[in-house]
Amino acid sequence: MMMGSNLDLYSQHNKSKVSGGMNLPDWVSEKHMTGTSIMAIEFDGGVVLGADTRSTTGAYVANRVADKLTKITDKIYCCRSGSAADTQAIADIVNYHLEFHEVQTGVDPPVKSAAVVFKGLCYQYRDQMSAGILVAGWDKQLGGQIYSIPIGGMINRQKVSIGGSGSSYIYGFVDSQYKDNMTLEESADFVTRALSLAIMRDGSSGGCVRLAIITEAGVERRLITGDKLPKFYEG
Amino acid sequence: MSSIGTGYDLSASQFSPDGRVFQVEYAQKAIENSGTAIGLRGKNGVVFAMEKLVTSKLYEPGANRRLFGIDRHIGMAVGGLLADARQIVETSRKESSNYRAEYGGDVPLRYLTDRVAGYIHAYTLYSAVRPFGCAVILGSQEPTGPSMYMIDPSGVYYGYKGCAIGKAKQAAKTEMEKLEFSNMNIRELVKEAAKIIYMVHDEVKDKAFELELSWVGEDTNGLHQRVPDDIFAEAETFAKNSLKEDSDSEIDES
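On a predicted model such as this, the values are computed, not experimentally measured, just so you know.

### Considerations on the confidence of the model for chain B
In step 1: Here chain B shows a mean pLDDT of 91. Residues at 70 or above account for 95%.
In step 2: Model confidence for the complex is summarised by a pTM of 0.84, with the ipTM given as 0.80.

### As for the packing of aromatic side chains
In step 1: A full pass over the atoms with the stated rule returns 12 aromatic pairs over all chains.
In step 2: By the ring-pair criterion, three or more aromatic residues cluster together here, those being Phe-173, Tyr-178 and Phe-190 of chain A.
In step 3: The positively charged end of Lys-191 of chain B is found above the aromatic ring belonging to Phe-238 of chain B, 5.5 Å away from the centroid.

### Some points on the packing of helix H4 (residues 169–178) of chain B against helix H5 (residues 186–200) of chain B
Residues and elements named next belong to chain B.
In step 1: Remark: H4 packs on H5, axes separated minimally by 9 Å, with the N-to-C direction vectors making an angle of 140°. Classed by the angle they form, the pair H4 and H5 counts as oblique. For the pair H4 and H5, the crossing hand works out as right-handed. Residue-level contacts link Ala-171, Ala-172, Glu-175 and Met-176 of H4 to Ile-196, Met-199 and Val-200 of H5.
In step 2: Of the residues in the contact of H4 with H5, the class split is six nonpolar, no polar and one charged.

### Details of helix H3 (residues 111–124) of chain A
In step 1: Compared with an ideal rise of 1.5 Å per residue, which puts 14 residues at 20 Å, H3 of chain A spans 20 Å between its outermost C-alpha atoms and is within 8% of the ideal.
In step 2: Among all positions of H3 of chain A, only Val-111, Ser-113, Ala-114, Ala-115, Val-116, Val-117, Phe-118, Leu-121 and Cys-122 of chain A are buried.
In step 3: Those residues of H3 of chain A that are buried are in contact with strand E6 (69–73), strand E7 (76–83), helix H2 (84–105), strand E8 (131–139) and strand E9 (143–149) of chain A together with helix H2 (82–103) of chain B.

### Considering unusual backbone geometry
All names here are of chain B.
In step 1: Its identity is not glycine, yet Asn-64 carries a phi of approximately 50°, on the positive side.
In step 2: Positionally, Asn-64 belongs in the loop between strand E2 (45–54) and strand E3 (67–70).
In step 3: Positive phi, close to 60°, is recorded for Asn-221, a residue that is not glycine.
In step 4: Turning to its location among the elements, Asn-221 is positioned in the loop between strand E9 (208–217) and strand E10 (225–226).
In step 5: With relative accessibility at 71%, the residue Asn-221 sits in the exposed group.

### Notes on the pattern of salt bridges
Charged atoms that come close allow side chains of opposite charge to pair.
Residues and elements named next belong to chain A.
In step 1: Overall, the coordinates contain 23 salt bridges over all chains when judged by the stated rule.
In step 2: Arg-193 is the salt-bridge partner of Asp-189, the closest N and O atoms lying 3.1 Å from each other. Residue Asp-189 and its partner Arg-193 are located together in helix H5 (residues 184–201), separated by four residues, close to a single helical turn.
In step 3: Among the residues examined, Asp-189 registers a relative accessible area of 40% and is labelled partly exposed.
In step 4: For Lys-228, the salt bridge identified is with Asp-227, shortest N-O distance 3.6 Å.
In step 5: The class for Lys-228 is exposed, based on a relative accessible area of 60%.
In step 6: Residues participating in the shared-partner salt-bridge network are Asp-67, Arg-210 and Arg-221.

Rules used throughout
Residues numbered from 1 in each chain as written. Chains lettered and ligands numbered in written order. Predicted model: local features only at pLDDT ≥ 70, side-chain atom pairs only at ≥ 80, totals over all residues. Heavy atoms only, no water. pLDDT = per-residue confidence, 0-100. Phe/Tyr/Trp six-rings, centres within 6.5 Å; stacked < 30°, edge-to-face > 60°. Lys NZ or Arg CZ within 6 Å of the ring centre and 35° of its normal. Axes fitted to C-alpha atoms, helices over the stretch in contact; angles between N-to-C directions. Helix = DSSP H or I, 4+ residues; strand = E, 2+ residues; numbered from the N terminus. Parallel < 35°, antiparallel > 145°, perpendicular 65-115°, else oblique. Left-handed = near helix turned anticlockwise from the far one by under 90°. Contact = heavy atoms within 4.5 Å. Nonpolar A, V, L, I, M, F, W, Y, C, P; charged D, E, K, R; others polar. Expected span 1.5 Å × (residues − 1). Buried < 20%, exposed > 50% of the residue type's maximum accessible area, 1.4 Å probe, protein only. Salt bridge = Lys/Arg side-chain N within 4 Å of Asp/Glu carboxyl O.

Set out below in structure tokens:
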């Protein structure tokens, strides 16, 4: 699914109305998007989530160190792509639902429950929203799991999943380089390399790579700054 | 206990001067007239057994069952007014189904019990309705182990290792306390449960009854189901033989 394209139908209208015919920069009227490259991968014992850190309004980089890996519960996180506002709002609602769920059932919420609640919202409000989300985490029943919820509100469990506008450029890389049963460090390295490649090619992705590694022990956050990203052929 | 409410027992929205809601207490009395139902929670599952009183030879066998399935993994045994109980079964099924639609998994028994108890409790708050005249026992095999709860007409519920409702509940509880059933698996429990029902059944007052048995546990892969015919027959025979042995041994003592 292509992300980061101009879905704001009113921006053209606004330009001429506000400026009286003059051409203002697009970021005056553009919605705040997370253009994005996001990725999640399952390994034996947990999951690794990764995302770039560029958040845009049109061509302007509104935040170059954004955190697109959002906590839902202690051991469930999500990668957000699409509209920053929509995805933040949904994540907040899901967090609310799951906190309630945790108190009422007395057990750690299953990753699947978080994903199904996400899907419920994304599907019901599909016409008004622009949200592509990867839900990933660890629970005692099934271990590490990833659920992909692209635009439209479909839900699908996958061992490795990519999303955001930058993902288009790395399907070939991921398809060819993915191996089953990688270790934690191999998985983290794979995600970092994949997202670096996506950042190189996608204008809406950039900055650093953030990782969240979730296991039974908890969550480890890593930040790989732009200068430390793996280098590939740059022409 | 035959106390007269004298004016404070006309609606569920009234307390008596000594702090009782008589309508709820009367509802609990309604259950004491129904056939006995027991639930036993063993090491790896839950067994339900029911003394379903048959008041007419004209009924088809299996009519007016009192054991219900709520979702695939939860069983419910009811005592008291059957029509009231069917409402509760339907509500429980809807709750369970909604949970599955919203959260994508089996409803945890504790959560369902809490919701159903809240629903039952609601009917004890208003004068426009009367409380449910039935108690329900819920049981399930969860990833964390077997669990069983009973809800009474006041909306209060407790988790149980073994519980009984209905006319012979005291006798049934006495029998249960003799057993060490926390360590038994459901194969053994099913026989013991059938035996308890046969033992507490009053031949004089209630002539005919049908035994109902159901279980849920590791051996059934977490699915609640009526006990299969062959195991049912085995349990029933065991129960009838135990009765005979007991009555035989009484004769021998003289």
